[in-house]
Structures are given as structure tokens and as C-alpha cells.
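Residues per chain are reported as follows:
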Amino acid sequence: MTDFQHNHLRQRIERILPTVVKPGRYVGGELNQVIKDWESVRTHLALVFPDIYDLGHSNLGLAILYDLLNQRSDVLAERAYSPWIDMEAALREADIPLFSLESKRPLSEFDIIGVSLPYETLFTNFLNILDLSQIPIFSKDRGDHHPLIIAGGQSVYNPEPVAPFVDAFVIGEGEEAMLDVVDVHQAWVSANQTRGELLIHLAEIPGVYVPSLYQVDYAPDGTPLPVTPLHLAASVPVTKRIMAELPQPLTKFLVPNVEVVQERVNIEIMRGCTRGCRFCHAGMVNRPIRERPLEEILESLRAGLDQTGYEEVSLLSLSSSDYTEIVPLIESLRELLCERQVNISLPSLRIESFSEPLMDQLQTLSPGGGFTLAPEAGTERLRNIINKPISDQELMETVRSIFEHGWNSIKLYFMIGHPQETMEDVAAIAELSKTILQEGKRIVGGRARLHVGVSTFIPKPHTPFQWATFDHTQSIEAKLALLHDGLHGSKIKMTWNDPQASLLEAWLSRGDRRMANVIYHAWQNGARFDAWSEHFNIDLWRQAFEQAQLDPDFYTKRAKDLDETLPWDHINAGVRKSFLQRDYKWSLEGQIRPDCRQNCYACGILSDFSELRLTAPNGGWKCP
Ligand code: SF4
């Protein structure tokens, strides 16, 4: 694009901005934004989050990649997000291609587009971004001049539903892998080779999956057969990429000019979890546990607060109270946060690792607010089946301690639709919640508040429950009605996920490569922002299944055979299928599997990553 064309495009963009809501979403210009001279770098990379800026801006994964890639002098990394409905209409009407925030260059001008797909309900937005960027939707239709489309994030541990739209996936942690992708791309440009040769070189990078190098076939009963590699570079399985230790914390914190969903300094204190909850995808695919040194956390938080002026910090991990030095960390933080009058949010404290010293520390930092606990099931029996072995007594002791330490409100997370769940288990959620509120009233009186959040269990890939079925939506609705009745008159606030939205997530997370046709048709039918209840429309998806001639129930209502090939079997998430099979069988007997920090069960991580582990600083992994 010539400078003249570029300037003309910028002028056209400026003409439509006043016509849309919150134009600040599209202009960039934030404090700490990185602007580089387009001609001075070898690789132009666009980092894309397929939802609006307000949500995507706070995505830590993308912020880390932006920071890391821009530290290289030969790379320029810029950002783009999904335009909201009004901006999409304005772009289409004015025939303006989707552009990046920093330079306002069309995404089609970039060499590489890295798309973050943390959850499946972003898939139609991803297709919409390709279309608005005037880039062919299907990978097979792209030529040498088109950008390379790379996707990563938690949802691509089953990459098949979006495989035809993506040139290559980064399975696992992207920090080092994306730098390797840049190096391979630069070598390809210098070698003046074809796009096909680029894809082969990419497949040679550990953790990179190039779907076009694999053939997928199906058995007469419709189940997938093991994939067939079409090239030597196409390894089976593709083993996820992980880092020996956590990546360096952010050095530059982007400060938005418009209001975003999370206005706080986020720091990842630990990656991975070994509690082994059988429904938990994140807990299985993010192993092993790696902790960030305490001093590094404090340093990064200081830098973040200095750079942003934010009034809140968040310590991120899957189970922060399992962080080995959680009490000394909170102690060290107290001085830093009190002198700056900054609040702390500590998501995911586990009931099992609660301690009085931790409560005492937290009490000094943010008393009076709310506390979140996740028992996930109403009875001890079902909690053992899902491997969240918390006794009612332990739960009540934790609740008592929270109210006694000055907190007035508790949020409880439950799931319905678990394998082997009975209506008695569901009714127990209401009874348990009422008992907890009663206890709260006994300790803090009428100030006691209880909020119950109910989500629907989805049997996710790479978990022990991947063979289970998704509960019928009628059954889910009956269980929700039972909970409403059970909590009626109790002053307990209950919120719940729309069962239809959970059904969509179940289809998309358990799909095989044929699901791509469903996604394509749904997008053509107008599906966008499926993660937003006001935009989600299940009928567009049911229509899409018909158009794709696929039976939706095949993906949710059919119990899978333990030995059948699964659509994601050629992706190694580090935890072996044999380990998951054993654990599934244990769940059928209600047998629990205690945290493996004390006693390793050889899930597969150590054997697949034994060499990498040796490079981890002072035994950084929490595998015994
Ligand atoms: S290797 Fe052992 S200790 Fe490490 S995550 Fe797996 S089961 Fe747990």
C-alpha cells in the first residue's frame, strides 16, 4: 500500500468513526502503545482478539505476546479486535477493510495474523474478522500474498472445528513458539519459497499443528478414524508447547483511553493446577505447575501500578491459594497496596487450601467485600465423583471463617449436568446454600449475603470426562426449576448460564473437522458475538447443522466408547489418554484422586517433558 493510499484510508476511517458507538475502541493511541516504522522491520504481525476492545484489551495472553514481540527490533506487532455491530455495518458500507489500531493498516497487509481463541463462542467472530479483512475464509483458498493465519488459546486443544480456517495452530504456550514462527517466516521470505513449503517448515516447530498436512476420515458409524499425516513434517501426536518457567512479566502496560472491562494490573503468579478436578479443562491442559518467584511478582506489580495508575491488582492462577508462598506474598503486598490505597482481587481461592493465616492476611487488605468459593456440586458423593473431595464440614468451616473475618457476602459456584448426577444432588445445592446463609446470619446478622452462580457441565476434550455426555437441555431446565423452587423466598441471589449457550459450547468444543461447515453456515446465517446473550441465536446454529447435514446430537448425546478415536487424539496436551481413561473409571466408582503434589500419578507430563524440566530453575516444577 502506498503512503497515499494509506493516508486516504486513514481519512476514510476518520469519516466513519463519529457515526459509531465508542469510537475510542478503534483508534489506539494508548499510553505505552508501541509504534514502529513499517518499512524498518522484517515482519509485520497483527495480534487479534475476536471480541470487542473492551474485553480483548484485558487479555493477558495477548498483552504478553504484544510486549514480547515488540521487544524484537525486526518485528512490528499491532492489535485488532472485533468491530461492534454498528462499526461492522459502517466498514461494510464504506468498503473499508478491518485495520490495526496502531498504524490503521488493513490486516491483509500484515505478514502474520495471530488470533487468540480462548473460548469456542468466538469462532464466528474469527470468521467475520477474516471476511472484514478481505482475507479468504478457508486456508486452502489463500495464496502466497495472503497473511499467514496462526491461532492459539485454550480452545485450540481441539483444533478440528476451526481447522479449515487456520493455516497453523500453536498448541499450548505461545510465548516462545510465536518467536519461532517469526523466525521460520523470515527464513521463508528470504528463501523465496511457496506457501506450501512455509506450512511444512511451520509443522517442524514443536507445538505447531498444520491441519492441511493431515487427512481426516470417518468410520461408517461416523466416528473419526486416526488422522493420516500427509507429510514427514506432520508428526502424530503434536505435543503441546510449554515453557520451563513462567515468561517474564509484562514490562509495558497499555493504559486504555476508553473504559474496558478490567481496569487493573494483572499478574500471573502460577501456571497449572494439580487438584485434578475431572471436569476442568484448564487444570488438565496447563500442567505442570510453575510458580513465579515472589520478588518477581512484587516488582512487576510495582511497575504496573507506576505505569497505569490503576487502583486494583489481580493475582492470576487457577488456584492462587495453592501458591506455595501465598501468605508471605500477601504479607509483602500489604505494605505496597496500603500505601497506594490499591485493592487486590484474588480469584480462585480453593476451599481445600484455606488457612487462618491467609484469612488474617486478606482481612487486612480488603475486608467487607465478597468472597468466592466453588464447591461445584451439592453433595459429598457427587463432589467425589468430579474429584472435588470437599466435605460439608470443611465447607462450613471455611464459610464460618470467612464471615468471622469480616466478609458479609459469599459467591458460590455450582455446576449442574455432571455425570451420575441425581435430582437429589441438585436439590442439595439449594439446601446447602440455605444452610450457609443461615450460618452467615448467625455470625454477621442481616448483612449476610449469598449469591449462587450455576453453570452447566460441558464434557471437555483432554479431561477424564471427555467420554461423558452433555445433559439434555430439558433436563437442565428441570434442574434449574428445581433450584429456583428450592431457593424461593430465601433471599439468595441465583444466576445461571443459558443451557442453549452451553449446548453451543459443547458442540463446538467436542466437534470434529466436519463442524467447520456448521460454523461457516452459522456465520453466513448471521451468527456473531455468540458469547453475548443478546446476540446469541441457537436457531441460526440448528439451521447450520441442517445445511451441513450433520446431526448435532452425535456430538453431545452419544456416550463415547473408551477406545474410540477422539477428534483431538492427535493433539498431546501432556496428560496421557490412558491416565484420563483410568481416572474416568475411578469416577464411575466415586473414587477420589488427591492432589498429585504429594503423590505423582504419572499423568504423562514428566515423561513428555523430562528434558525441559531439567532446564527449569531450582526445581521450578511442582511435580514431586
Ligand atoms: S507428572 Fe505427576 S505430579 Fe506432575 S502433574 Fe502429572 S501426576 Fe501431577
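Everything here concerns the structure above.
Notes on the structure in this doc start here. This is a predicted model, so every value here is computed, not measured.

Brief notes about the side chain of Asn572
Alright, step 1. The residue Asn572 is located in strand β19 (residues 571-572) in this model.
Alright, step 2. Under the relative-accessibility criterion, Asn572 is labelled buried at 12%.
Alright, step 3. Here the side chain of Asn572 touches Gly574 through a polar contact of 2.7 Å, landing on its backbone nitrogen.
Alright, step 4. Among residues more than four places away in sequence, those in contact with Asn572 are Pro237, Val238, Thr239, Lys240 and Asp608.

Quick word on the pattern of salt bridges
Alright, step 1. Throughout the structure, instances matching the rule amount to 41 salt bridges.
Alright, step 2. Of the charged contacts in the structure, one is a salt bridge between Asp583 and Arg278, with a shortest N-O distance of 2.9 Å. Pair noted here: Asp583 is in helix α20 (residues 577-588) and Arg278 is in the loop between β11 (270-271) and α8 (281-285), with a separation of 305 residues, a long-range link.
Alright, step 3. Look at Asp583 and you get buried, because its relative accessible area is 1%.
Alright, step 4. Assessed through its relative accessible area of 0%, Arg278 is described here as buried.

Structural notes on the packing of helix α16 (residues 499-510) against helix α18 (residues 538-547)
Alright, step 1. At a closest axis distance of 10 Å, the pairing of α16 and α18 adopts a crossing angle of 35°. Judged by the twist between their axes, the crossing of α16 over α18 is left-handed. Together, Gln500, Leu503, Leu504, Trp507 and Leu508 of α16 and Ile538, Trp541, Arg542 and Phe545 of α18 make up the contact between the two elements.
Alright, step 2. Taken together, the residues of the contact of α16 with α18 sort by class into seven nonpolar, one polar and one charged.

What about the pairing of strand β16 (residues 409-416)?
Alright, step 1. Across five bridges, strand β15 (residues 370-376) lies against β16 in parallel orientation. Looking at the pairing, Leu373 lines up with Leu412 of β16.
Alright, step 2. Sheet topology note: the β16/strand β17 (residues 449-456) ladder contains eight bridges and is parallel. In the strand pairing of β17, Met415 is matched with Ser455.

Focus: unusual backbone geometry
Alright, step 1. Cis peptide bonds are those with omega within 30 degrees of zero, and the linkage from Val236 to Pro237 qualifies with -5°.
Alright, step 2. Within the secondary structure, Pro237 sits in the loop between β8 (228-229) and β9 (238-239).
Alright, step 3. A cis amide bond links Arg287 with the next residue in sequence, Pro288, at an omega value of 0°.
Alright, step 4. Along the chain, the position of Pro288 falls in the loop between α8 and β12 (290-291).
Alright, step 5. Of note in this structure, Asn32 is not a glycine but carries a positive phi near 75°.
Alright, step 6. Looking at the element boundaries, Asn32 is found in the loop between α1 (3-16) and β1 (43-49).
Alright, step 7. On the accessibility criterion, Asn32 (19% relative accessible area) is buried.
Alright, step 8. Look at Lys104: it is not a glycine, yet its phi comes out positive at around 60°.
Alright, step 9. For Lys104, the position within the fold is in the loop between α4 (85-93) and β3 (112-116).

Here is what the cut-offs are and how they apply
- Residues numbered from 1 in each chain as written.
- Predicted model: local features only at pLDDT ≥ 70, side-chain atom pairs only at ≥ 80, totals over all residues.
- Heavy atoms only, no water.
- Helix = DSSP H or I, 4+ residues; strand = E, 2+ residues; numbered from the N terminus.
- Buried < 20%, exposed > 50% of the residue type's maximum accessible area, 1.4 Å probe, protein only.
- Polar contact = N/O pair within 3.5 Å; in protein donor to acceptor, adjacent residues only side chain to side chain.
- Contact = heavy atoms within 4.5 Å.
- Salt bridge = Lys/Arg side-chain N within 4 Å of Asp/Glu carboxyl O.
- Axes fitted to C-alpha atoms, helices over the stretch in contact; angles between N-to-C directions.
- Left-handed = near helix turned anticlockwise from the far one by under 90°.
- Nonpolar A, V, L, I, M, F, W, Y, C, P; charged D, E, K, R; others polar.
- Pairing = 2+ DSSP bridges.

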